[in-house]
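These are the residues of each chain, in order.
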Amino acid sequence: MTPASADPGHGHGRIIVENLWQEFRPRSVHGHRRRGDTLWALRDVSFTVRSGRALGVIGQNGSGKTTLLKTLAGVLAPSRGSVATHGRVSSLIDLTAGVNRDLTGNENIMLGGVLLGMTRAEVRAKYDEIVRFSGLTHSFLEQPLSAYSTGMGLRVAFSVVACSEPSILLVDEVLAVGDEAFQRDCLERINAFRDAGCAIVIASHDLDIVAAHTDWVLVLQNGEVTHAGEPAPTITAYEEAMRGGVSSPKKEP
């Protein structure tokens with residue numbers, strides 16, 4: 001497969017993925033890996049996202065989008081191939097990752113900032129900015145996260161990311177749980193990150209968001225890139241393929 005890349009840019013964020021395969025082995029009801037069949041969640045995926053560019057990743061459920069973002073974030077190690085990231089990585093993939101629902105919003109702000117690579121002093125210096133972006137009151141942030149709705153939890157999580165000055169930003173479908181006004185604020189901040197030189201990957205079922213906020217799009221099906229190119233023609237090809245029920249061939253390493 002020919003590597004697909006966003007247009008070149010200038011800055012400090014960059015992602016290089018070469019011939020990435022990600023293995024998934026089914027587990028028994030007791031949690032033990034089953035012998036025999038190996039499933040490939042990602043198959044020979046290659047691309048580059050350079051500074052100041054945003055890559056969109058689209059595909060149906062189970063196509064490998066979240067697995068790809070988790071691999072870029074370092075949560076999963078590649079089974080084969082390589083992933084190289086240059087710069088501080090911030091991610092919004094799973095709202096339950098890196099948070100403690102027994103801790104308050106304020107405590108989770110500190111926890112989230114440290115997990116993103118910020119020092120405690122950096123988090124404290126940006127605390128007022130984080131709170132302003134979240135739109136939550138100080139009294140509300142004194143409550144445990146277990147009292148928050150999913151949308152309120154997103155406000156805390158994204159507000160920390162928004163003020164973390166990332167070099168690389170990874171965003172999964174989590175923005176879909178936010179209200180329209182906060183989603184608009186998030187997308188405006190994502191665009192500002194891109195203008196500042198951040199390398200961005202957005203995985204989403206919302207094709208309008210992908211079309212409006214990315215420079216290059218990959219289509220995943222069965223873990224394999226079936227289309228890659230500029231947003232409009234690539235999204236059109238994806239929609240046509242879905243209407244036609246086209247399936248991609250399964251390759252083995």
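Refer to the structure printed above.
Described below are features of the structure shown in this document. Here the residue numbers are simple positions, counted from 1 along each chain's written sequence. With the structure being a predicted model, the display of local features is reserved for residues of pLDDT at least 70 and the display and counting of side-chain atom pairs for 80 or more, all residues being used for whole-chain, interface and lining totals. Based on all heavy atoms of the structure, the side-chain values leave hydrogens and waters out of the count.

### A word on the sheet that holds strand β8 (residues 199–203)
The criterion for strand pairing is that DSSP finds at least two bridges linking the strands in question. Secondary structure follows DSSP: runs of H or I at least 4 residues long count as helices, runs of E at least 2 residues long count as strands, and numbering of each begins at the N terminus. Spatial ordering of the open sheet is given by β6-β7-β8-β4-β9-β10, a layout of six strands whose pairing is mixed. With partners counted over all chains shown, the strands left at the sheet margins are β6 (89–92) and β10 (224–229), one partner each. If you compare each strand with its neighbour and ignore which way they point, the axes differ by 15° on average. Relative to β8, strand β4 (residues 54–58) is paired through four bridges, and the arrangement is parallel. Within β8, the residue paired with L55 across the bridge is V201. What counts as an axis is a line fitted to C-alpha atoms, over the stretch in contact for a helix, and the angles between N-to-C directions run from 0 to 180 degrees.

### So, the pattern of salt bridges
Here, a salt bridge means any Lys or Arg side-chain nitrogen found within 4 Å of an Asp or Glu carboxyl oxygen. Counted by the stated rule, this structure contains four salt bridges. Here R88 and E122 are joined by a salt bridge, their closest N and O atoms 3.7 Å apart. Of this pair, R88 sits in the loop between β5 (80–86) and β6 while E122 is found in helix α3 (residues 120–125), placing the two residues 34 residues apart along the sequence. Residue burial is assigned from relative accessible area. The probe radius is 1.4 Å, only protein chains are included, and a residue is buried under 20% of its type maximum, exposed over 50%, and partly exposed in between. For E122, a relative accessible area of 30% translates into the label partly exposed.

### Section: the packing of helix α6 (residues 150–162) against helix α7 (residues 180–195)
One way to put it is that α6 packs onto α7 with a least axis distance of 11 Å and a crossing angle of 20°. By the angle between their directions, the pair α6 and α7 is classed as roughly parallel. Crossing of α6 over α7 shows left-handed handedness. For the pair α6 and α7, contact is made by L154, R155, F158, S159, V161 and A162 and by F182, C186, R189, I190 and F193, respectively. Grouping the constituent residues of the contact of α6 with α7 by class yields eight nonpolar, one polar and two charged. Each angle gets one of four labels, with under 35 degrees taken as roughly parallel, over 145 as roughly antiparallel, 65 to 115 as roughly perpendicular, and the rest as oblique. Helix crossings are classified by the rotation of the near helix relative to the far one: an anticlockwise turn of less than a right angle makes the crossing left-handed, while a clockwise turn makes it right-handed. In this analysis, two residues are considered to be in contact whenever any of their non-hydrogen atoms come within 4.5 Å of each other. Residues are grouped as follows: nonpolar covers Ala, Val, Leu, Ile, Met, Phe, Trp, Tyr, Cys and Pro; charged covers Asp, Glu, Lys and Arg; every other residue, Gly included, is treated as polar.

### What to know about the side chain of D172
Along the chain, the position of D172 falls in the loop between β7 (168–171) and α7. Buried D172, no salt bridge; nearest opposite-charge side chain is K65, N-O distance 6.3 Å. We call two N or O atoms a polar contact when they sit within 3.5 Å, provided that within protein one can donate a hydrogen and the other can accept it, with sequence-adjacent residues counted only if both atoms are side-chain atoms. A polar contact of 2.7 Å, which involves the side chain of D172, links it to the side chain of T66. When sequence neighbours within four positions are dropped, the list of residues in contact with D172 reads T66, L69, L92, I93 and A203. In this tally, Lys and Arg are treated as positive and Asp and Glu as negative; His is ignored, and so are the chain termini.

### Topic: the environment of A41
Considering the arrangement of structural elements, one finds A41 in strand β3 (residues 39–49). Taking the C-alpha atoms as reference points, A41 and G64, 23 residues apart in sequence, are found 5.6 Å from one another. Apart from residues lying up to four places away in sequence, A41 is in contact with Q22, F24, S63, G64, T67 and G223.

### Here's the deal with the environment of L76
For L76, the location among the structural elements is in the loop between α1 (65–72) and β5. As a C-alpha pair, L76 and Q22 span 54 residues in sequence and 8.5 Å in three-dimensional space.

### Digging into the nonpolar core
As used here, the term nonpolar core means buried Ala, Val, Leu, Ile, Met, Phe, Trp, Tyr and Cys residues forming a set that is joined through side-chain atoms within 4.5 Å. Grouped together as the largest cluster of nonpolar side chains are 36 residues, with contacts concentrated most on I109, L141, F158, L169, L175, I190 and I200. Every element with two or more residues in this core is listed here: α2 (105–115), α4 (127–134), α6, β7, α7 and β8. If one sorts the elements of this core by residue count, α6 sits on top with seven residues. With near-sequence residues (within four places) excluded, L141 lies in contact with T104, G105, N106, I109, Y127, V131, L136, Y148 and V156. In this structure, L72, V201, L220 and V225 belong to the second largest nonpolar core, which totals 22 residues.

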